[in-house]
There are 2 protein chains.
Amino acid sequence: MPQKKSGHVTLTDVARASGFSVSTVSIVLSEAPLSQNVAAATREHVRAMARQLGYHPDAHARSLRRRSTQTIGVLAFDLSDPFCIPIMRGIQSGLHSADYLPLVMDAQTQRKLFDGYLNLLLERRAEGLIVIASWVFEETNLLADVRKNNVPIIIVGRDLTSRGISSILVDNEAGGALAMQHLSDLGHRKIAVIRGPQGMSDSEPRWQGIQRAADQSGTTLDPRLVFELPALADPESGFEGGCRLAREMLASGRSFSAVLAFDDLTALGVVRGLTEAGVRVPEDCSVMGFDDVLPARVATPSISTIRQPLNEMGLKAAEHILHAVKVKTSPTSEPSLLVKASPELIVRSSTALRQSKKKGKAS
Amino acid sequence: MPQKKSGHVTLTDVARASGFSVSTVSIVLSEAPLSQNVAAATREHVRAMARQLGYHPDAHARSLRRRSTQTIGVLAFDLSDPFCIPIMRGIQSGLHSADYLPLVMDAQTQRKLFDGYLNLLLERRAEGLIVIASWVFEETNLLADVRKNNVPIIIVGRDLTSRGISSILVDNEAGGALAMQHLSDLGHRKIAVIRGPQGMSDSEPRWQGIQRAADQSGTTLDPRLVFELPALADPESGFEGGCRLAREMLASGRSFSAVLAFDDLTALGVVRGLTEAGVRVPEDCSVMGFDDVLPARVATPSISTIRQPLNEMGLKAAEHILHAVKVKTSPTSEPSLLVKASPELIVRSSTALRQSKKKGKAS
DNA sequence: AAAGACCATTCAAACGTTTGAATCACAATA
DNA sequence: TATTGTGATTCAAACGTTTGAATGGTCTTT
């Protein structure tokens, strides 16, 4: 009979089985400093017993007593966004090396879930909180509780330093500029731009960068070729939006030789829209994305894009939160941190030199 | 001064602040049956105090005392596989309605991590375990501990009923047949097949289904047009593999008008390989995928594929594990369950009728 | 007026750990 | 011999909850 009555194997079980006291067993199995004083034979015996019974220390009891959970909450606004995964990987490796565990929650773009999980993370005594979100609800009052309970927090994907929250995100302004620069280096002058949706914090700085680079390269942006994605939560809506806007720009009658899309999914939508109208990418029209997510890499043509160093961003977030947890002693000491990661231009097959010949592509 | 010395707000704090005993406060805040006996005024007062202090009950202490964690471990073999996300969503919604929380871990295809997290889930007293894995390591001895601790387990993505583990997966045989049937319905007779890698359990039944459907439609499969993916862990290796094999099949000199790829990523690789060689999809050659993941939907041409009802599978896994948790009383009572979900043919733009004219496409 | 019934609240033990302090046996020192 | 030291082990309290049993009340009921 492996387990006594119902539940798990406990320290008491191991103690009984090995003939030593609970204390000794605990000291041995948790490798406390005192375990140096325990006779080698005892150590071995206890360990063997524990192994045989399949003992696993109860993390809850341990956390309760040790007053530390070794846990960092990770709250993703939408895990299905391919953008999240590399960040999570970065976080995971950052935490792992410090023996911390990420507690991952997926809010699925729903505010109710977001608040509920925030609550849960507080209840589970996450020692710190990493929020992955380009969109986030305005001042969920739960955040006040996070403060009240003195839990450090950092957000990846948007700048909330203005509200005193440490933030780490890509330098959208630089990224936008990089994208525009690339297109103009290829000789494009008539460039359609699809801006991000209103609610999204990335939209504006990216647009600023685009304008700056356009100015610097002497390109003028035709306002009639500037579009905007609708503000929908679903990440696939970018694809739909790109598709629809591509049709619109063709229908508008304005000519253009390149499209600078807000993100990769949008770019893929644009490719779809153009292709269906008989416009070839990149021969007739170049298309740029932003983010460098998986679908952009495996599509044909592969999408030229601006890479966000997501992994590194996640890693840095982990490091920062661990640091903040260490020094938590002084409540409001450290000022909130802002990291702007450097974007990188990734040239693939969806962009090409402007064809001077037969360039008049769209109607 | 919101919090007393350092940690979180506790029941004792609320008790002190409200002037009632810890018991009363607990009864009120946890809405225990006894709370009906508590004076309405008291209830309100206690609640207000708790809210004001930002009290959140300590989940660890609660689990310890209640001897139930309301937690199900979800161990994904590789979260970056787009295949996982919809399953997780299904699991999440299934658990949510029962007030259970998924504890998500990502093994990143590494055995060390897999075992480590399995351990962690045991330590955190997950009441049940859902493993998402098409690949899984042979008999990790941790699974013995799972048994020993009497934790119900179910695996999504492969059939382990032979080892007494409940399993839920797509009917690969039917799916393979569906795919082959679709191609032959379109008139294709010379069909190249890319089988899954050796180590992967899906590979064989899918191949069986393909053969059966080929037989039934009177198509003979040329062994020289049957390829196999190498056994690599990285999910993107499917893409690389498809790319390379497409080149190989063109170089082989055998003619073919369709490619049935093992999964969507492989299919996308094939599209890339063919396109780069000047073969048009689907005009010159049709390509089929399997899984219906995001990249297949947003690529152009979009990939015809066999959809796995991932969401439903996740949901079912959640329901099953919850059931198993309920009846856990009798240790080895229930026989292990096997669910084979029905695959669905999704026709998109990567497959088309065989062109009888100028069909001689490849070399 | 005594017994019971009920309401509102509190006591105290328990969940499984960890750990500072205590115990005990025994050898070494003064 | 009495003291000190030390090596091996155990005591007991604490972490923050929950909950069966107990406590005092107040109000009926006979």
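Residues numbered from 1 in each chain as written. Chains lettered and ligands numbered in written order. Predicted model: local features only at pLDDT ≥ 70, side-chain atom pairs only at ≥ 80, totals over all residues. Heavy atoms only, no water.

Chain A goes by LacI family transcriptional regulator in an unreviewed UniProt entry, where it is assigned to Granulicella aggregans.

The next subject is the protein's contact with DNA strand D. Close to DNA strand D lie 26 residues, the nearest being Thr-24 and Arg-67 of chain A together with Leu-11, Arg-62 and Arg-65 of chain B. Here, DNA strand D places atoms within 4 Å of the protein, and 64% of those atoms are sugar or phosphate. One of the backbone N or O atoms of Asn-37 of chain A is found 3.0 Å from a phosphate oxygen in DNA strand D. Arg-67 of chain A is positioned such that a nitrogen or oxygen atom in its side chain is 2.7 Å from a phosphate oxygen of DNA strand D. Elements represented by at least two residues in the surface near DNA strand D include exactly helix 2 (22-29) and helix 4 (59-66) of chain A together with helix 2 (22-29) and helix 4 (59-66) of chain B. Broken down by element, the residue count for the surface near DNA strand D peaks at 4 residues, all from helix 4 of chain B. (Near = heavy atom within 4 Å. Polar contact = N/O pair within 3.5 Å; in protein donor to acceptor, adjacent residues only side chain to side chain. Helix = DSSP H or I, 4+ residues; strand = E, 2+ residues; numbered from the N terminus.)

The next subject is the protein's contact with DNA strand C. Residues in contact with DNA strand C amount to 25 residues; listed here are only the nearest, Leu-11, Ser-26 and Arg-65 of chain A together with Thr-24 and Arg-67 of chain B. The protein-proximal atoms of DNA strand C, defined as those within 4 Å of the protein, are 65% sugar or phosphate. Ala-61 of chain A is positioned with one of its backbone polar atoms (N or O) 3.4 Å from a base nitrogen of DNA strand C. Thr-24 of chain B has a polar side-chain atom sitting 2.7 Å from a phosphate oxygen of DNA strand C. Contributing elements (two or more residues each) for the surface near DNA strand C: helix 2 and helix 4 of chain A together with helix 2 and helix 4 of chain B. Looking at the surface near DNA strand C element by element, the count peaks at 4 residues for helix 4 of chain A. Residue composition of the surface near DNA strand C, by class: 9 nonpolar, 9 polar and 7 charged. (Nonpolar A, V, L, I, M, F, W, Y, C, P; charged D, E, K, R; others polar.)

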